[in-house]
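One-letter residues, chain by chain:
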Amino acid sequence: MSNKLIYMDNNATTRIAPEVVKAMAEVEGSVYGNASSMHAFGRVANSLVEDARKNVADLLDCSPSEITFTSGASEANNTVFSIARALIEKKKGSRIITTTIEHPSIIETVKYLKNHGITVDLAPVDTEGRVKMDELEKLMGSDVVLVSVMTGNNETGTIQDIEKITELAHKYGALMHTDATQAIGKIEVSAKKWAVDYISMSGHKFYGPKGVGVLFTRSTAPFMPYIHGGEQEHGRRAGTYNTVSIYGLGLAAKLAKEGLKEEHDRLWEMRERLRKGIVANVPDVVVNGCQEHCLPGTLDISFPCAEGESILLMLDMYGIAVSTGSACATGSLEPSYVLLACGLDVELAHGSIRFSLGRYNTDEEVDYVIEVLPPIIKRLREISTR
Ligand code: PMP
């Protein structure tokens, strides 16, 4: 039906920035030494890795020595939870606390740990997806080793008050981790200001390459490796450096820092243009998440009496790429657990669509979506059996 393709699934992954592709291509063929080797080939590769480490440290407002490169945020999250497990096994405490709306790389890790005898409590969220601070405080105790709360949710975009939650965790002597994967490049993420102990992030969510990420670990926080077998990253993470991708991630971090304010404002304006356009042209919609504390490019909307998957497929016929709930849940027709945790009923959680705007979207694309969406919803509601 359409020959133009519109990508509005930037929370699933982003297009790599052309500047990053170019810079990576320039070194891809020539820098092939092992970054751990002491000879000249190794030193050149190592300088790219260290250049990236500095750029990431600048972005996160921390010291380069607090940065560990990983294969992505899933690995970074798993590493933090394995540190907490080791602390519990060493009898430094007996519990982990996280929330009901974390990414599957945490929710599934929690299930695994519970099956292995580790106690994990899940703090609930309110209808906007914000952690209920009083409930979290009720769960706290001196036996908690780790509190893990994501910065911004991948589905609803809701942002948590990480500074306040860190204060609470530290009051009880617990370590604090935040999965900032969706927040990087959209809002300021400061290890120093927030005083967190661990931060996870991933290159492909902010216009860098896929398969490379970062775990920030405060210099005072404990660290036990999750991947063993080599002295890379000062023994913190074994495996030959993915030099060129790490270099690309570093450049993406530099671009993210330089353009942060501008990017934030532009994404928020486009998101609001889309929200207002949909609300004005489609009757009976429910905008999910918190509208005050929200990642600037994320808009999650439920369309009662229309199935999310049907909307996604119809939009795809018009060349528009969006997602229902989390892309990681593709293939399952289960309603979004994030929306259920926010108290939405099953029907609304089933009829949700996540639009996630990014650096390369335009107002014209937003207007095109506002034009084609209303008749799609009208048609689906006409044939709905509900
Ligand atoms: N955490 C969040 C909040 C995410 O959105 C994602 C990606 N969907 C991840 C972690 C996992 O990141 P990666 O793909 O780098 O493993």
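What counts and what doesn't
- Residues numbered from 1 in each chain as written.
- Predicted model: local features only at pLDDT ≥ 70, side-chain atom pairs only at ≥ 80, totals over all residues.
- Heavy atoms only, no water.
- Pairing = 2+ DSSP bridges.
- Helix = DSSP H or I, 4+ residues; strand = E, 2+ residues; numbered from the N terminus.
- Contact = heavy atoms within 4.5 Å.
- Axes fitted to C-alpha atoms, helices over the stretch in contact; angles between N-to-C directions.
- Near = heavy atom within 4 Å.
- Polar contact = N/O pair within 3.5 Å; in protein donor to acceptor, adjacent residues only side chain to side chain.
- Areas by Shrake-Rupley, 256 points an atom, 1.4 Å probe, with all protein chains shown as cover.
- Nonpolar A, V, L, I, M, F, W, Y, C, P; charged D, E, K, R; others polar.
- Phe/Tyr/Trp six-rings, centres within 6.5 Å; stacked < 30°, edge-to-face > 60°.
- Buried < 20%, exposed > 50% of the residue type's maximum accessible area, 1.4 Å probe, protein only.
- Lys NZ or Arg CZ within 6 Å of the ring centre and 35° of its normal.
- Arc of directions from axis to C-beta.
- Parallel < 35°, antiparallel > 145°, perpendicular 65-115°, else oblique.
- Left-handed = near helix turned anticlockwise from the far one by under 90°.
- Domains from an automatic or database assignment.
- Buried area = accessible area lost by both parts, 1.4 Å probe.
- Salt bridge = Lys/Arg side-chain N within 4 Å of Asp/Glu carboxyl O.

*Asks:* Account for the sheet that holds strand S12 (residues 352-356), with residues named and values stated.
*Replies:* Spatial ordering of the open sheet is given by S9-S10-S12, a layout of three strands whose pairing is antiparallel. The two strands at the open ends of the sheet, each matched to only one other strand, are strand S9 (286-287) and S12. In terms of strand pairing, strand S10 (residues 298-302) meets S12 through five bridges, oriented antiparallel. Residue pairing in the sheet places threonine 298 in a bridge with serine 356 of S12. In the packing of helix H10 (residues 260-281) onto the sheet, contacts are made with S9, S10 and S12, and the angle to S10 comes to roughly 15°.

*Asks:* Outline the site of the ligand, supporting the account with residue identities and numerical values.
*Replies:* Every one of the 15 residues lining the ligand counts as a neighbour, but Ser74, Asp179, Gln182, Ser202 and Lys205 are closest to it. Interatomic distance of 2.6 Å between a side-chain N/O atom of serine 74 and an oxygen atom of the ligand. The side chain of serine 202 places a nitrogen or oxygen atom 2.5 Å from an oxygen atom of the ligand. For the ligand, the accessible surface in isolation is 400 Å², of which the surrounding protein chains cover 87%. The residue makeup of the shell around the ligand, split by class, is three nonpolar, 10 polar and two charged.

*Asks:* So what's going on with the environment of glutamate 233? Residues and values would help.
*Replies:* In this structure, glutamate 233 sits in helix H8 (residues 232-235). A sequence separation of 165 residues divides glutamate 233 from threonine 68, and the C-alpha atoms of the two residues are 6.3 Å apart. Apart from residues no more than four positions distant in its own chain, glutamate 233 is found in contact with Arg53, Ile67, Thr68, Phe69 and Tyr241. One polar contact links glutamate 233 to tyrosine 241, side chain to side chain, over a distance of 2.6 Å.

*Asks:* Kindly report on the packing of aromatic side chains, identifying the contributing residues and their values.
*Replies:* Throughout the structure, instances matching the rule amount to two aromatic pairs. Ring geometry for tyrosine 32 and phenylalanine 41: centres 5.7 Å apart, planes at 40°, overall tilted. Relative accessible area serves as the criterion here: at 59%, tyrosine 32 is assigned to the exposed category. One cation-aromatic arrangement involves lysine 4 over tyrosine 368; the distance from NZ or CZ to the ring centre is 4.2 Å.

*Asks:* Account for helix H1 (residues 18-28), with residues named and values stated.
*Replies:* All of the buried residues along H1 are Val20, Ala23, Met24 and Val27. Looking straight down H1, one finds its buried side chains confined to an arc of 100°; they lie on one side. Opposite the packed face of H1, turned more than 90 degrees from it, sit the exposed residues Lys22, Ala25 and Glu26. For H1, the secondary structure elements touched by its buried residues are helix H2 (40-60) and helix H9 (243-258).

*Asks:* Let's hear about the side chain of threonine 68: which residues, and what values?
*Replies:* Relative to the elements of secondary structure, threonine 68 occurs in strand S2 (residues 67-70). Setting aside chain neighbours within four positions, we find threonine 68 in contact with Gly213, Val214, Leu215, Phe223, Glu233, Arg236 and Arg237.

*Asks:* Account for the packing of H10 against helix H14 (residues 363-383), naming residues and giving values.
*Replies:* In contact at an axis separation of 9 Å, H10 and H14 are set at 20° when each is read in the N-to-C sense. On the basis of the axis angle, H10 is roughly parallel to H14. Relative to H14, H10 is oriented so that their crossing is right-handed. For the pair H10 and H14, contact is made by Met270, Arg273, Leu274, Gly277, Ile278 and Asn281 and by Asp363, Val366, Asp367, Val369, Ile370, Leu373 and Pro374, respectively.

*Asks:* How would you sum up the domain arrangement of the chain? Please name residues and give values.
*Replies:* We note that the domain assignment places domain 1 (6-16 + 260-384) and domain 2 (18-258) within the chain. Once you take the C-alpha centre of each, domain 1 and domain 2 turn out to be 27 Å apart. Facing 33 residues of domain 1, the contacting portion of domain 2 comprises 42 residues. A combined buried area of about 3,200 Å² lies between domain 1 and domain 2, and 57% of that area is made up of carbon and sulfur atoms. It is Ile16, Leu260 and Leu295 that lose the most area in domain 1 upon contact with domain 2, and together they represent 24% of the buried surface on that side.

*Asks:* Could you give me a rundown of the pattern of salt bridges, with the residues and numbers involved?
*Replies:* If charged atoms from side chains of opposite charge come close, those side chains can pair. Scanning the model with the defined rule gives 21 salt bridges in all. Two residues, arginine 85 and glutamate 89, come together in a salt bridge whose shortest N-O distance is 3.1 Å. With arginine 85 and glutamate 89 both in helix H3 (residues 73-89) and four residues apart, this pair spans about one turn of that helix. A salt bridge links arginine 275 to glutamate 272, with the nearest nitrogen and oxygen atoms 2.7 Å apart. Highlighted residues: arginine 275 and glutamate 272, both in helix H10, separated by three residues, approximately one helical turn.

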